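This is what each chain is made of:
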Amino acid sequence: MKTGPRFAIVIFLILSACLAAPRNAVAASTYYISSTSGNDNNDGQSPERAWKSLLKISLKSTSENPFQPGDSILLKRGDQWEGQIRLQASGTAEKPVTLGAYGQGQKPLLYGENQQARWEPVAGHAGIYTTDMGEGSTLGSIVVDGKVLKTLYPSGTLNRNEDMEFFFARLQPGTLAGQLGSRLWLQMKDDKSPDTTVRLFRSTGVSLFNSNYAQIENLDIQRFQTGIDITNSQHILVNHNDIQDVLGIGIYLRSGDVDCRVESNTVFRGGNTALYVLKGSGNIFRDNWVSHVDTRILGIGVSGDEMGIGLQESQQSLVEYNYFAHSGGMDFYYEQGSTVRYNYLYQVRSAGAPHGVNLKVYGNIYNLAGRNGKPGSTGINAVATGPGTIEVFNNTIFNASAFFLMGSSDNGGKIEFSDNLVFSSTPGTAMTMFKTSVASDHNCFLAPGQPIFRYNNASFSSLKTYQTSSGLDRDSIFADPHFLSSTPVTPLDFRPSASSRCNLPASHIGLTDPANGRTYDHDVAGAAAIGALQADKAATQSAAPAQRCNSHCFHHPFAAPSGVYLMRLKFAPSAPSGREFTFIVNGKKVTAEFEPFEGTGADDRFLYFLVRPNLPSITLEADANTDVSIVTEVDVMPFDASHGQGLQVITW
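Residues numbered from 1 in each chain as written. Predicted model: local features only at pLDDT ≥ 70, side-chain atom pairs only at ≥ 80, totals over all residues. Heavy atoms only, no water.

A.B. asks: What exactly am I supposed to notice about the overall build of the protein here?
C.D. replies: Regarding its fold elements, the protein presents five helices and 61 strands. Computed over its C-alpha atoms, the radius of gyration of the protein comes to 28 Å, within 12% of the 26 Å expected for a compact globule of 652 residues. When its C-alpha atoms are laid out on the principal axes, the protein stretches across 95 × 80 × 60 Å. By residue count, 55% of the 652 residues in the protein fall in the buried class. Counting only contacts in the protein whose residues sit at least 6 apart along the sequence, the fraction spanning at least 24 positions is 63%. (Helix = DSSP H or I, 4+ residues; strand = E, 2+ residues; numbered from the N terminus. Rg over C-alpha atoms; globule rule 2.2 N^0.38 Å. Buried < 20%, exposed > 50% of the residue type's maximum accessible area, 1.4 Å probe, protein only. Contact = heavy atoms within 4.5 Å.)

A.B. asks: Whenever I open this one, helix α3 (residues 161–170) confuses me. Can you help?
C.D. replies: Residue pairs three or four apart in sequence face the same way in an α-helix, which turns once every 3.6 residues. Among the residues of α3, those classed as buried are Met-164, Phe-167 and Phe-168. Buried residues of α3, viewed axially, fall in a sector of 95 degrees; they line one side. Turned more than 90 degrees off the buried face of α3, the exposed positions are Phe-166 and Ala-169. Considering only its buried residues, α3 is in contact with β8 (128–132), β11 (150–152), β12 (176–180) and β13 (183–187). (Arc of directions from axis to C-beta.)

A.B. asks: Can you help me understand the state of the cysteines in this one?
C.D. replies: Here, the word disulfide means a covalent bond between the sulfur atoms of two cysteines. On inspection of all chains with the given rule, the structure shows two disulfides. At a sulfur-sulfur separation of 2.1 Å, the disulfide partner of Cys-444 is Cys-502. Its S-S torsion of about -50 degrees marks the bond between Cys-444 and Cys-502 as left-handed, since a negative value means left-handed. Taken together, the positions of Cys-444 in strand β47 (residues 444–446) and Cys-502 in the loop between β50 (477–478) and β51 (547–549) put the pair 58 residues apart, joining distant regions of the chain. The disulfide that involves Cys-549 links it to Cys-553, with 2.3 Å between the sulfurs. With the S-S dihedral at roughly -105 degrees, the linkage between Cys-549 and Cys-553 falls on the left-handed side. Classification of Cys-553 by relative accessible area gives buried; the value is 5%. (Disulfide = S-S within 2.5 Å.)

A.B. asks: I keep staring at the layout of surface pockets and nothing clicks. Help me out?
C.D. replies: In this approach the atoms are scanned with a rolling probe the size of a water molecule, which exposes any empty space left behind. Within this model, the second largest pocket holds a volume of roughly 800 Å³. Gln-106, Asp-220, Gln-222, Lys-588 and Lys-589 are, among the 34 residues lining the second largest pocket, the residues nearest its centre. Partitioned by chemical class, the residues of the lining of the second largest pocket number seven nonpolar, 16 polar and 11 charged. (1 Å grid on protein atoms, 1.4 Å probe; cavity = no way out; pocket = protein on both sides within 12 Å on 5 of 7 lines; lining within 4 Å. Points joined across faces, edges and corners; volume = space filled by probe spheres on them. Nonpolar A, V, L, I, M, F, W, Y, C, P; charged D, E, K, R; others polar.)

A.B. asks: Sorry if this is basic, but what is going on with helix α5 (residues 463–470) here?
C.D. replies: All of the buried residues along α5 are Leu-463, Tyr-466, Gln-467 and Ser-470. On an axial view of α5, the arc spanned by its buried residues comes to 100 degrees, and they lie on one face. For α5, the exposed residues set more than 90 degrees away from the buried face come down to Lys-464 and Thr-468. Its buried side turned inward, α5 meets β45 (430–434), β47, β48 (452–455), β49 (458–460) and β50. Once α5 ends, the next one or two residues include Gly-471, with phi positive near 80 degrees.

A.B. asks: What's the story with unusual backbone geometry in this structure? I'm lost.
C.D. replies: When glycine is set aside, most residues are seen to have a negative phi, and most peptide bonds are trans. Phi at Asn-218 takes a positive value of approximately 60 degrees, unusual for a residue other than glycine. With respect to the element layout, Asn-218 can be found in the loop between β16 (212–217) and β17 (220–222). Although it is not a glycine, His-442 sits at a positive phi angle of roughly 55 degrees. Along the chain, His-442 falls in the loop between β46 (438–441) and β47. His-442 sits in the buried class, given a relative accessible area of 5%.

A.B. asks: What am I meant to see in the sheet that holds strand β10 (residues 147–148) here?
C.D. replies: Sheets are built from strands paired through backbone hydrogen bonds, the pairs being either parallel or antiparallel. Spatial ordering of the open sheet is given by β10-β9-β14, a layout of three strands whose pairing is antiparallel. Looking at strand neighbours, the two that pair on one side only are β10 and β14 (198–202), the edges of this open sheet. Direction of pairing for strand β9 (residues 139–144) relative to β14: antiparallel, over a ladder of five bridges. Bridge assignment links Leu-139 to a residue of β14, and that residue is Arg-202. (Pairing = 2+ DSSP bridges.)

A.B. asks: Can you walk me through the pairing of strand β42 (residues 403–409) in this structure?
C.D. replies: Residues in a regular strand project their side chains so that they alternate between the two faces of the sheet. The buried count for β42 comes to seven of seven residues, which makes it a mostly enclosed element. With five bridges connecting them, strand β39 (residues 380–384) and β42 associate as parallel partners. Residue Ala-382 lies in a different strand from β42, and its bridge partner there is Gly-407. Pairing of β42 with β45, which is carried by four bridges, proceeds in the parallel orientation. Opposite Phe-403, over in β45, you have Ala-430 as the bridge partner.

A.B. asks: Explanation requested: the sheet that holds β49 in the structure shown.
C.D. replies: The sheet built from seven strands is open, its strands ordered β33-β36-β39-β42-β45-β48-β49 with mixed pairing. Each edge of the open sheet carries a strand with a single partner, namely β33 (335–336) and β49. Across the sheet, α5 touches β45, β48 and β49, and the angle it forms with β48 is around 10 degrees. (Axes fitted to C-alpha atoms, helices over the stretch in contact; angles between N-to-C directions.)

So this is what it looks like as structure tokens:
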């Protein structure tokens, strides 16, 4: 057989390609970490050869052989670590780097409170103690007797005695502690032992920085200053994580983050703000559940905005299909081109102020009633900070205090309100508080007695006199929406009757988004609607039935074919107040504290949970050492259509 020059060239090219492929293609690896069976002397590349400590992740991130596109870093389910993760990793759109979980059972737990710290007295300095938080740990907060101390950092290395003496002299009992790296110092007063009175919290559960195409998923993160912190990164997915008892921000897109997605996470009992983005672009917050953002976490006074979500100086943010309860609402600060839609807010302290330029706020349900059903917080306050338009339309606002709709612009911007449904069960709240830079039309208002409308610092006691004097709301009406429920709790309760006068069509509305129909339950431009939900087309309205169990409710399956459900547990009067109750819902461990119910009786105690099941049923199981006999009743009622996927449970 003869081989000519052309055939030889073909063979050479094929051989060259085969030899070059292994050099250019690096196979993705999976690294396993287990606190119960791992060993840091292992290579981590199988469950049997798992690493043990979280520090291995940080060390590999900054090594000469960092994580590669497609790599997975998996923590064993059911295990827990007292520590934190610092990760720098870049994948590709097709092969992201994943930080997640493996195995069966509860999500791997990262625990941020440093309970292993042992304080030692500093020789020759009465009352001064020191401890080391351990390699890879950074301080978030140091707390003495429930008070967060400020931290002093030395200007040098403290190698000289005179440097140490000057540093120690600046420490102040109960006010100012010292830190250098992972080493801490503090001065105690009244001869107290720091081992019993001082609590240390690490800074961040997971810190991801300078990264691209990475995802953080299926982690349980508790008792940190910040839950998850993303900095200067692009195309990051934060998905199905549970954040609990953080003193500061739950999930923080800190600075310069672009095209990130924060989806289907829960943030329970957080301080400052649950979700936050600062100076980012094109980021999405979708299907997150937030409950109980407060000024006291774990008995510690904390500071911050107390909001469900904060958007600050960012561009093109999208906030949709989130639940916020017992927190602040949705806050903006010099935001540009962002959209907030299809969110449900329940018993929040404020609805939030769309503050910025070219913003859209639509299809949201603001259930602002307090625990006793009376008005609980202020409504929507739109503030234009420059040229552009803020559009607020197709929202339902229930039982606000002080005002429902407020708008102002002194910087060349424009604010438009249309197709909003505004309802109060008590008199005295202002329906509008508008200035001359505002346009408003085709809204539906209702309040008992004489309503209050304010325009350009003047007050009007009827819609008609307000319309005549202001020229606004010419197509707006004063009518009862006839909600599905007279005491609405769930999003489904706020559907208005088709026969309500609120559904009258507009005749001469001239705003940017007239009667567009972009509502909580449908995103169909052009379909006439008012408020956040399409009108009920049924001839008669009836609330969705609840399922009730009065005995032996654990291991009793409640049918839940699809959607989101509100579950209520009733406890015997003997259930101890202030104690935590732990149990399992569809395989997920849930913990909450008993609270007296202010409705049916002083001796009744209830706990509420929001559940999106991962199965066609909801089943409760007892946790170890849980006395389920104190549960006397369980109710399960439909709450909402399902906007996301996968199991989610949060104390409501």
